[in-house]
Amino acid sequence: MTDLNAADATIAPAVKPATKPARPYFSSGPCAKPPGWSAEKLSAESLGRSHRAKIGKARLAYCIDLMRELLNLPDTHRIGIVPGSDTGAFEMAMWTMLGARPVTTLAWESFGEGWVTDAAKQLKLDPTVIRADYGQLPDLNTVNFAHDVLFTWNGTTSGVRVPNADWIPADREGLTFADATSGVFAYEIDWSKIDVATFSWQKVLGSEGGHGVLILGPRAVERLETHTPAWPLPKVFRLMAKGKLAEGIFKGETINTPSMLAVEDAIFALEWGKSLGGLQGLIARSNANAAALNKIVEERDWLGHLAADPATRSTTSVCLTVEGADEAFIKSMAGLLEKEGAAYDVAGYRDAPAGLRIWCGATVETADIEALGPWLDWAYATATAG
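An unreviewed UniProt entry annotates the protein as phosphoserine transaminase of Sphingobium agri. Reading the Cofactor (unreviewed entry) entry of the UniProt record for the protein gives the comment "pyridoxal 5'-phosphate". Reading the Sequence similarities (unreviewed entry) entry of the UniProt record for the protein gives the comment "Belongs to the class-V pyridoxal-phosphate-dependent aminotransferase family. SerC subfamily."

Engineer: Explain the UniProt feature "domain: Aminotransferase class V" (unreviewed entry) in the protein to me, please; I cannot follow it from the model alone.
Structural biologist: UniProt's entry tags residues 149-343 with the feature "domain: Aminotransferase class V" (unreviewed entry), counted in the numbering of this structure. Secondary structure content for residues 149-343 is 30% helix and 18% strand, and the end C-alpha separation is 37 Å.

Engineer: What is the right way to read helix H5 (residues 260-275) from this model?
Structural biologist: Side chains of residues three or four places apart in an α-helix project in the same direction, reflecting 3.6 residues per turn. Given a rise of 1.5 Å per residue, 16 residues ought to cover 22 Å, and the 22 Å separating the end C-alpha atoms of H5 matches this to within 8%. Counted residue by residue, H5 has 12 buried out of 16 residues, so it is predominantly covered. Within the span of H5, buried status applies to Met260, Ala262, Val263, Glu264, Asp265, Ala266, Ile267, Phe268, Ala269, Leu270, Trp272 and Gly273. Next to the buried residues of H5 lie helix H1 (54-71), strand S9 (211-216) and helix H6 (279-298). Two residues or fewer past H5, Gly277 is found with a positive phi of approximately 105 degrees.

Engineer: Sorry if this is basic, but what is going on with the sheet that holds strand S12 (residues 303-305) here?
Structural biologist: Strands belonging to one sheet form pairs held by backbone hydrogen bonds; the direction of such a pair is parallel or antiparallel. One open sheet accounts for 3 strands, arranged S12-S13-S14; its pairing is antiparallel. Strands with a single pairing partner mark the edges of an open sheet, and in this sheet they are S12 and strand S14 (356-359). For this sheet, the mean angle separating the axes of adjacent strands, direction not counted, is 35 degrees. Pairing analysis gives 4 bridges linking strand S13 (residues 317-322) to S14, with the strands arranged antiparallel. The residue of S14 that forms the bridge with Val318 is Ile358.

Engineer: Before we go on, may I ask you to explain the nonpolar core in this structure?
Structural biologist: In summary, soluble globular proteins display a tendency toward joint burial of nonpolar side chains. Judged by nonpolar contacts, the single largest core of 86 residues is most densely connected at Met67, Phe151, Phe185, Trp201 and Val322. With sequence-adjacent residues up to four places away left out, Trp201 is seen in contact with Cys63, Met67, Ile81, Gly206, Ser207, Glu208, His211, Val213, Ala262, Val263 and Ala266. Ranked by size, the runner-up nonpolar core spans 30 residues in total, among them Leu98, Leu175, Phe177 and Leu224.

Engineer: Is there a simple way to think about the pattern of salt bridges in this case?
Structural biologist: In the structure shown here, the tally under the stated rule is 15 salt bridges. One salt bridge in this structure joins Arg131 and Glu113, with 2.6 Å as the shortest N-O distance. Of this pair, Arg131 sits in strand S3 (residues 128-131) while Glu113 sits in helix H3 (residues 110-122), placing them 18 residues apart in sequence. What makes Arg131 partly exposed here is its relative accessible area of 48%. Glu299 serves as the salt-bridge partner of Lys295, at 2.6 Å between the closest nitrogen and oxygen. Three or more residues are tied together by salt bridges with common partners; here these are Lys295, Glu299, Arg300 and Asp377.

Engineer: Would you take a moment to explain the sheet that holds strand S2 (residues 103-107) for this structure?
Structural biologist: Taken together, the 7 strands give an open sheet; going across it, the order is S1-S9-S8-S7-S4-S2-S3, and neighbouring strands pair in mixed fashion. On the outer flanks of this sheet lie strand S1 (78-83) and S3, each paired with one strand and no other. Put simply, the sheet's adjacent strands are angled 20 degrees from each other on average, direction ignored. The pairing of S2 with strand S4 (residues 148-152) spans 3 bridges and is classified as parallel. Residue pairing in the sheet places Thr105 in a bridge with Leu150 of S4. On the sheet, helix H2 (residues 85-97) packs against S1, S4, strand S7 (176-179), strand S8 (196-200) and S9 and is oriented at approximately 40 degrees with respect to S9. Strands S1, S4, S8 and S9 of the sheet are contacted by helix H4 (residues 218-226), whose axis makes an angle of about 95 degrees with S9.

Engineer: Whenever I open this one, the packing of aromatic side chains confuses me. Can you help?
Structural biologist: The geometry of an aromatic ring pair is captured by two quantities: the separation of the ring centres and the angle between the planes. Under the counting rule described, the total for this entry stands at 12 aromatic pairs. On the basis of an interplanar angle of 85 degrees and a centroid distance of 5.7 Å, the ring pair of Phe329 and Tyr380 is categorised as edge-to-face. Of this pair, Phe329 sits in helix H7 (residues 327-339) while Tyr380 is found in helix H8 (residues 366-385), placing the two residues 51 residues apart along the sequence. Like Tyr380, Phe329 is buried. Ring geometry for Trp375 against Trp378: centres 5.5 Å apart, planes inclined by 75 degrees, an arrangement best described as edge-to-face. In this pair, Trp375 and Trp378 both sit in helix H8, 3 residues apart, roughly one turn of the helix. Within the aromatic cluster, the residues linked to one another by ring pairs are Phe145, Phe151, Trp153 and Trp167. Above the ring of Trp37, the side-chain terminus of Lys33 is found at 4.9 Å from the ring centroid.

Definitions and cut-offs
Residues numbered from 1 in each chain as written. Predicted model: local features only at pLDDT ≥ 70, side-chain atom pairs only at ≥ 80, totals over all residues. Heavy atoms only, no water. UniProt positions renumbered as here; feature names shortened; annotations may be inferred. Helix = DSSP H or I, 4+ residues; strand = E, 2+ residues; numbered from the N terminus. Expected span 1.5 Å × (residues − 1). Buried < 20%, exposed > 50% of the residue type's maximum accessible area, 1.4 Å probe, protein only. Contact = heavy atoms within 4.5 Å. Pairing = 2+ DSSP bridges. Axes fitted to C-alpha atoms, helices over the stretch in contact; angles between N-to-C directions. Core = buried A, V, L, I, M, F, W, Y, C linked by side-chain atoms within 4.5 Å. Salt bridge = Lys/Arg side-chain N within 4 Å of Asp/Glu carboxyl O. Phe/Tyr/Trp six-rings, centres within 6.5 Å; stacked < 30°, edge-to-face > 60°. Lys NZ or Arg CZ within 6 Å of the ring centre and 35° of its normal.

This is how it looks when you write it as structure tokens:
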């Protein structure tokens, strides 16, 4: 713990609040289940059956159809369920499509840095790297779109997102690859600007992990059918069959055996999202949660936003600074909150600056965000006194 300033004198007494969040699940992945979720509510008809049986194929196709509907994904874009969560989906895209053009990678947090490492050290593509510190966004106007461009739509570990897709030209020469795992279902995305997008169910939907989702626009399909990578591809990355796109992958015929329980869990969350009015209902809930947390921050002189610019501040993975805190202090605060059952998994990401990270996606209730504020006061005062 580094020195605290004169704000110490205004810290409230360490009195436990009377009310706890009803659902104290604020992890940024896996995220909180949708309200009303229970395992008993999941359809079990496909369990214990082959994913290639009629029922298995039907449920996988239904899951894809629901994702398309909630994302407002145009017919020009294909959507498939693939192995390995968001990481597997993004790696699949990189390994199968990169190499035809120079590559630019954008990095302003740890997951973007991961794609830099893979492009440079694994694929040895000597990418152009445009970086920014945690809490900042790189200058998007410097991106060369004659290159293939890799970026995270919402930087989960920094709380910084791209404001929109206006910075991407319609007449770009290269492909755009968006790691959108904590951005889909929370923001409007102009799909005409995105050639490849990936995400996993365990983020904004609050469903189980292990599976990734790969979205391909027509320019990405063209790349797959005209470009042969210079490196060998493992089976789980192969999207081509006999020189053509393996269309079955985008109709529910998965590359390897999926967990049908995870699929049913995703279907539950997607149906819940549809019942809210679809994408706009999900966005409204996330925005309300972020606004409630921002009110908490503005009322406390010892709390701040890591992402200073509201225009590029995440409304899902909100990262907070704590006056004078180091990693040990944050660990103490998070431990106190977890022990009391007031908030789980709120410490910032291990590679990020010391601070708190509060998930504000649609599966969180605004009332629980509001109830969190007094508990943050208590944990801060208790950790400071300790």
